[in-house]
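Chain by chain, the residues:
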Amino acid sequence: NQGGLSMNSQAQLTTIKTFAKSKLAADKTGHNFDHIQRVVKLANRLAKAQTKPVDLTVILAAAYLHDTIDDKLVASPKQAVNEVKELLTSLAFSSAQSDEIIHIITHMSYASNLNEKQVLSLEGQIVQDADWLDAIGAIGITRAIYYGGAHGEKIYDPEILPRTQLDKASYRNLADETIINHFYEKLFKLADMLNTPQARALAASRQQVMKDFVATFKAEWDAEA
Ligand code: ADP
Ligand code: NI
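**Some details on the environment of Ala 11**
At step 1: Residue position: Ala 11 is located in helix H1 (residues 7-24).
At step 2: As a C-alpha pair, Ala 11 and Lys 21 span ten residues in sequence and 16 Å in three-dimensional space.

**Brief notes about the domain arrangement of the chain**
At step 1: With domains assigned, the chain is organised as domain 1 (1-119) and domain 2 (135-225).
At step 2: Here the C-alpha centroids of domain 1 and domain 2 sit 25 Å apart.
At step 3: Taken together, the nine residues of domain 1 in the interface contact 13 residues of domain 2.
At step 4: The class makeup of the residues in the side of domain 1 that touches domain 2 is five nonpolar, three polar and one charged.

**A look at the packing of helix H4 (residues 77-90) against helix H5 (residues 95-107)**
At step 1: It is at 10 Å that the axes of H4 and H5 come closest, and there the two elements cross at 150°. The angle between the axes of H4 and H5 places the two elements in the roughly antiparallel class. The handedness of the crossing between H4 and H5 is right-handed. For the pair H4 and H5, contact is made by Val 81, Val 84, Lys 85, Leu 88 and Thr 89 and by Ser 98, Ile 101, Ile 102 and Thr 106, respectively.
At step 2: Across the contact of H4 with H5, the residue classes tally to five nonpolar, three polar and one charged.

**Focus on the site of ligand 1**
At step 1: Neighbouring residues of ligand 1: 18 residues in total, closest Ser 109, Tyr 110, Ala 111, Arg 143 and Tyr 147.
At step 2: For the shell around ligand 1, the element with the highest residue contribution is helix H7 (residues 137-150), accounting for five residues.
At step 3: Within the shell around ligand 1, the residues separate by chemical class into seven nonpolar, five polar and six charged.
At step 4: Each of two domains, domain 1 (1-119) and domain 2 (135-225), supplies a minimum of three residues to the shell around ligand 1.

**A look at the nonpolar core**
At step 1: Within the largest apolar cluster, 49 residues are counted, with the highest numbers of intra-cluster contacts made by Ala 43, Ile 59, Ala 62 and Ala 63.
At step 2: The element that contributes the greatest number of residues to this core is helix H3 (residues 56-65), accounting for nine residues.
At step 3: Setting aside residues no more than four positions away along its own chain, Ala 63 makes contact with Val 39, Val 40, Ala 43, Val 127 and Ala 130.

**A few points about the environment of Glu 224**
At step 1: By the element assignment, Glu 224 lies in the segment after helix H10 (197-221).
At step 2: A C-alpha to C-alpha distance of 36 Å links Glu 224 and Leu 114, two positions 110 residues apart in sequence.

**So, the confidence of the model for the chain**
At step 1: Summing up the model confidence of the chain, the mean pLDDT is 93 and the portion of residues at 70 or higher is 96%.
At step 2: For this predicted complex, the interface confidence reaches an ipTM of 0.94, while the overall pTM sits at 0.95.

Cut-offs and rules
- Residues numbered from 1 in each chain as written.
- Chains lettered and ligands numbered in written order.
- Predicted model: local features only at pLDDT ≥ 70, side-chain atom pairs only at ≥ 80, totals over all residues.
- Helix = DSSP H or I, 4+ residues; strand = E, 2+ residues; numbered from the N terminus.
- Domains from an automatic or database assignment.
- Contact = placed C-beta atoms within 7 Å.
- Nonpolar A, V, L, I, M, F, W, Y, C, P; charged D, E, K, R; others polar.
- Axes fitted to C-alpha atoms, helices over the stretch in contact; angles between N-to-C directions.
- Parallel < 35°, antiparallel > 145°, perpendicular 65-115°, else oblique.
- Left-handed = near helix turned anticlockwise from the far one by under 90°.
- Near = placed C-beta within 6 Å.
- Core = buried A, V, L, I, M, F, W, Y, C linked by C-beta atoms within 7 Å.
- Buried ≥ 20, exposed ≤ 12 C-beta atoms within 10 Å, placed from the backbone.
- pLDDT = per-residue confidence, 0-100.

What follows is the structure in structure tokens.
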């Protein structure tokens, strides 16, 4: 599915894939390498649908690397960024490509977009769309439950009202977070935040699956279904 890429690009991406896999191997909170593979696949699909030219190597490299610098997964994001820079240099990426990949992976997350919207290139917008598509729909529901379980969240508490206007600091520090509230605080909002029309089209049915799920969940909670 990397058809059209040069031998050099394919070799670079093979090494990047191995690097990302080793970095995420231990994760048990829903950022594992299966998530990365899905994001790469979605990013590839979105890239192929563009009419404007895009750098597919930058897109796929950023998709593979985007969670290797996450502050939830690594002790020092700064050190992790430096390690990625060294990797890209060792693979003979141009400094323009390397800078672009680093910019994408350090500015694309939901958390880093909470206080102010980050400006991303079309390549970055595609990787962000792919990552956010993988946070919604049936997969998104499963990941939220998996993450909530790993972090000891309650599944639901009708007393805790959803906080729909979170800033970056409070997003990371929700002592009374529940899995259902996470839908209001983030997951229901993502579809409208997507960049490309192709991602928005894919998001429509994913959004409906989540809406139906939460509505049915609440009806069952109240013994109404
Ligand atoms: P980002 O890196 O874009 O800021 P996160 O790392 O917070 O996003 O989210 C990664 C995954 O974990 C997503 O699938 C998200 O829905 C899920 N997740 C994050 N926070 C919570 C939470 N408090 N409860 C349940 N799921 C969560
Ligand atoms: Ni991700």
